[in-house]
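Examination of the molecular architecture
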Amino acid sequence: MKKIWAWGALVFGLLYFTLPLIGMTNFSLKMRRGEYSFDAYQKVFADPRFQETFTYSVMQALFTILFGVLLVVPTAYWVRLKLPRLRPVIEFITLLPLVIPAIVIVFGYIRLYNTSSWLPLTGSLTGTNILLMFGYATLALPYMYRAVDTGLRTIDVATLTEAAQSLGAGWATILAKIILPNVLVAVLSGAFLTFAIVIGEFTMAALLNRPAFGPYMQLLGANRAYEPAALAVIAFGITWGCLGLIQLVSRFQKSAPPKA
Amino acid sequence: MSFLSLTSIKKSFGPVHVVHDFNMDIEKGEFVSFLGPSGCGKTTVLRMIAGFESPTSGKIVINGRDQNSLKPNQRNIGMVFQAYALFPNMNVHDNVAFGLKVAGTDKSETDARVKQMLGLIKLEHLADRFPYQLSGGQQQRVALARAIAVKPQVLLLDEPLSALDAKIRVSLREEIRQIQQQLGITTVFVTHDQEEALSISDRIVVMNAGRADQIGTPFEIYNTPSTRFVASFVGTLSIIEGKVADPAAGAVTIGNQQIALKDPIAGMKGGDSISLALRPEAGSIAEGAKGDTALAGEVVSTSFLGSVIRTRLRVGGDVISFDMFNNPGVAPPVSGDNVTLRFAAKDLLVIRE
Ligand SMILES: Nc1ncnc2c1ncn2[C@@H]1O[C@H](COP(=O)(O)OP(=O)(O)OP(=O)(O)O)[C@@H](O)[C@H]1O
Ligand SMILES: [Mg+2]
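Per chain, residue numbering runs from 1 following the sequence as it is written. Both sets of labels track the order of writing: A upward for chains, 1 upward for ligands. Local features in this predicted model are restricted to residues whose pLDDT is 70 or higher, and side-chain atom pairs enter the listing and the counts only when it is 80 or higher, whereas totals over whole chains, interfaces and linings include all residues. Only hydrogens and water are removed before side-chain values are computed, so all heavy atoms of the structure are retained for them.

**A look at the environment of Glu196(B)**
Residues and elements named next belong to chain B. Helix and strand definitions here come from DSSP, where helices need a minimum of 4 consecutive H or I residues and strands a minimum of 2 consecutive E residues; each element is numbered from the N-terminal end. Assignment of secondary structure puts glutamate 196 in helix 6 (residues 194-200). Through-space distance from the C-alpha of glutamate 196 to that of valine 170 is 7.9 Å; in sequence the pair is 26 residues apart. Working rule for contacts: check all heavy atoms of both residues, and any pair within 4.5 Å makes them a contact. Those residues within four positions of glutamate 196 in sequence are excluded, and the remaining contacts are Leu161, Arg169, Arg173, Phe189 and Thr191.

**Here we look at the pattern of salt bridges**
Salt bridge, as used here: a side-chain nitrogen of Lys or Arg that lies within 4 Å of a carboxyl oxygen of Asp or Glu. Applying the stated rule across the entire model yields 24 salt bridges over all chains. Between Asp39(A) and Arg32(A) there is a salt bridge, and its shortest N-O distance comes to 2.9 Å. A relative accessible area of 19% places Asp39(A) in the buried class. In this structure Arg32(A) comes out as partly exposed when scored by relative accessible area, which is 40%. The closest approach of N and O atoms between Asp347(B) and Arg279(B), which form a salt bridge, is 3.7 Å. With a gap of 68 residues between them, Asp347(B) in the loop between strand 18 (338-343) and strand 19 (349-351) and Arg279(B) in the loop between strand 14 (273-278) and strand 15 (293-304) connect regions that are remote in the sequence. By the burial criterion, Asp347(B) is buried, and Arg279(B) matches it. A network of salt bridges, in which partner residues are shared, links Arg80(A), Arg87(A), Glu91(A), Arg146(A) and Asp149(A). Only protein chains enter the accessibility calculation, which uses a 1.4 Å probe. A residue is then buried if its area is under 20% of the maximum for its type, exposed if over 50%, and partly exposed in between.

**Points about the site of ligand 1**
All names here are of chain B. When we say a residue is near a molecule or strand, we mean one of its heavy atoms is within 4 Å of it. Taken together, Phe13, Val18, Pro37, Ser38, Gly39, Cys40, Gly41, Lys42, Thr43, Thr44, Glu159 and His192 make up the full set of residues adjacent to ligand 1. Shrake-Rupley sampling with a 1.4 Å probe provides the accessible areas, and residues are treated as covered by the protein chains on show and by no other component. Here ligand 1, which alone exposes 630 Å², has 57% of that area covered by the protein. In terms of residue count, helix 1 (residues 42-50) provides more of the shell around ligand 1 than any other element does, three residues in total. Under the scheme applied here, ten amino acids are nonpolar (Ala, Val, Leu, Ile, Met, Phe, Trp, Tyr, Cys and Pro), four are charged (Asp, Glu, Lys and Arg), and all others, including Gly, are polar. Grouping the amino acids of the shell around ligand 1 by side-chain chemistry returns four nonpolar, six polar and two charged.

**With respect to the sheet that holds strand 7 (residues 154-158) of chain B**
Residue and element names in this part refer to chain B. The six strands are arranged 6-7-8-3-9-10 in an open sheet whose pairing can be described as mixed. Both outer strands of the open sheet, strand 6 (77-80) and strand 10 (211-216), are each paired with one neighbouring strand and no more. Taken over all neighbouring pairs, the strand axes of this sheet differ in orientation by 20° on average, direction set aside. The criterion for strand pairing is that DSSP finds at least two bridges linking the strands in question. The pairing of strand 7 with strand 8 (residues 186-191) spans five bridges and is classified as parallel. Directly across from valine 154, in strand 8, lies its bridge partner threonine 186. Axis angles are defined between N-to-C directions and span 0 to 180 degrees, where every axis is a line fitted to C-alpha atoms and, for a helix, only to the segment in contact.

**Notes on the interface of chain A and chain B**
The interface of chain A with chain B comprises 21 residues on the first partner and 23 residues on the second. In this structure, the connection of chain A to chain B is made through one salt bridge. With a shortest N-O distance of 2.8 Å, Arg47(B) and Glu162(A) are connected by a salt bridge. Under this definition, polar contacts are N or O atom pairs within 3.5 Å; protein pairs additionally need one hydrogen-donor-capable and one acceptor-capable atom, and for neighbouring residues in sequence, both atoms have to be side-chain atoms. Inspection of the chain A/chain B interface yields four residue pairs in polar contact (both at pLDDT 80 or more). Of all the elements in the fold, those that place two or more residues in the side of chain A that touches chain B are helix 7 (157-166) and helix 8 (171-182) of chain A. Of all the elements, helix 7 of chain A adds the most residues to the side of chain A that touches chain B, at seven residues. Residue composition of the side of chain A that touches chain B, by class: nine nonpolar, eight polar and four charged.

**A closer look at the sheet that holds strand 18 of chain B**
Residues and elements named next belong to chain B. Spatially, the four strands line up as an open sheet ordered 17-16-15-18, and their pairing is antiparallel. Each edge of the open sheet is held by one strand with a lone partner, namely strand 17 (318-325) and strand 18. Taken over all neighbouring pairs, the strand axes of this sheet differ in orientation by 50° on average, direction set aside. Strand direction decides the pairing type here: strand 16 (residues 308-315) and strand 17, joined by eight bridges, are antiparallel. Looking at strand 17, one finds that isoleucine 309 is bridged to methionine 324.

What follows is the structure in structure tokens.
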């Protein structure tokens, strides 16, 4: 009897999530009257603004990931190695972007880095792009930091560091050859999450007025019927693709989990 | 001047003094063990030599060069850890090659050296394995090969065998000793296992609460412990408490029995307490056993250790252990038996604090 309820709940949950998706996908295929077609998708892919904004966001995502890795891996490593008592504090700081709305962050940025400030980043396109990248990195920080910190927990950071030092290695070598490769899986899952966040982000890109994918989706959604549905399916596919890749890399981990 | 010298080393962590005035000179190619109970500061001294901790005061000199200003990665010191600490992302070959690559050695020379090292530890066939595919003993041998591949000035081993099971512990310690002698590496080996220290060291430093209680060859440490701590920690010496009866005659009262020491007791007067020590192999209860001194006592327990039988005997207020060889023709004593232990007066050591 209990089993039936469990199955019922599962089916209800699945329907709750999949029905809108199925409906949306169905709708996106119905641009041509009376038959299924990929017309809406073709339209979307053919739109130069799609290509432009998508490329822009992918590039932003890649730079954000690069910056995030360079920022987070050494920080998380150093905190674990030298400042273990500060870990809760650092963890709290990295969680702040979850509590502070993106709009507050971006207004803060605009105030701090406007054209009449000491560092007028918004004065040039490159500056604004960099600022947006910093913004994305902030949004992705909670995920990136947690992923890397969890990865570091699986290795004996202190002893491995000392072993490498006694063999003559300096900090750069230790980070690049020992620490990073051992948390690579964690870094990759952080990277895919970052990618998914950047591709879908709207607020920051819109307020900084950059041609990103998020604002494009919004624009399209406000003006068209079938294309937004196709776009949503595409965006959804990208996100799920990222999650799938996270699963995949975790499985391809070369070394076994360390013995406890 | 000695190769590695530690002079007046002190170390405190905040208000806690962990190492007090530690002095030690180690010759080139020597194998020295730090032996002592948990928490006595062995690891701390070792880490100061490696540069992972800096001494609160004192001087560390290796090969004429003051080390205090050098970072750990500038000291060229090989280190082997209790937890192996192999790099999990690298296979055996790359682990051993790591130090050579860091030093910028070219590839053919690195490969040759790695091969030579793996030959030394007899693991050439496992060069492609990752650490998690190796047993503990194999991992520790790789860690040893990795540490000596760079031809370190000094090799430091911090309880490298503690995580291994008893059989491998014995075979690996002999392997370590043999490789060390073959290459002539100056080595410091930390252990809290006295048998380990006695069996492989040129010299032993017995440490007690952050001090070196005694420094000497295994023979000296075992046979002539200079403090009560060394006597009780090294070997299985029995400590016997007595009272001086007549210092000039060397007479001592133990419980209600009186015995005579080999020499007069200097610096004590009648009625003073005195501690004596007896090694388990020095006494015998066999019929017609030799020995100019005898103590009667009651058997408390016997334990069968294979080739020897260890018997514990209550004499006065103390328990004395002694060993006898197993003899299938003679049944061991049972608890409650009254026996007489005979030994030579010269085997009875006077322990001074
Ligand atoms: N970083 C540190 N901060 C504070 N106290 C420390 C630190 N490292 C060691 N100690 C203290 O110093 C003392 C000696 O430690 P050490 O690790 O040298 O002992 P040990 O002889 O190696 O013991 P074991 O056989 O258990 O390894 C211990 O009481 C320990 O608590
Ligand atoms: Mg220790």
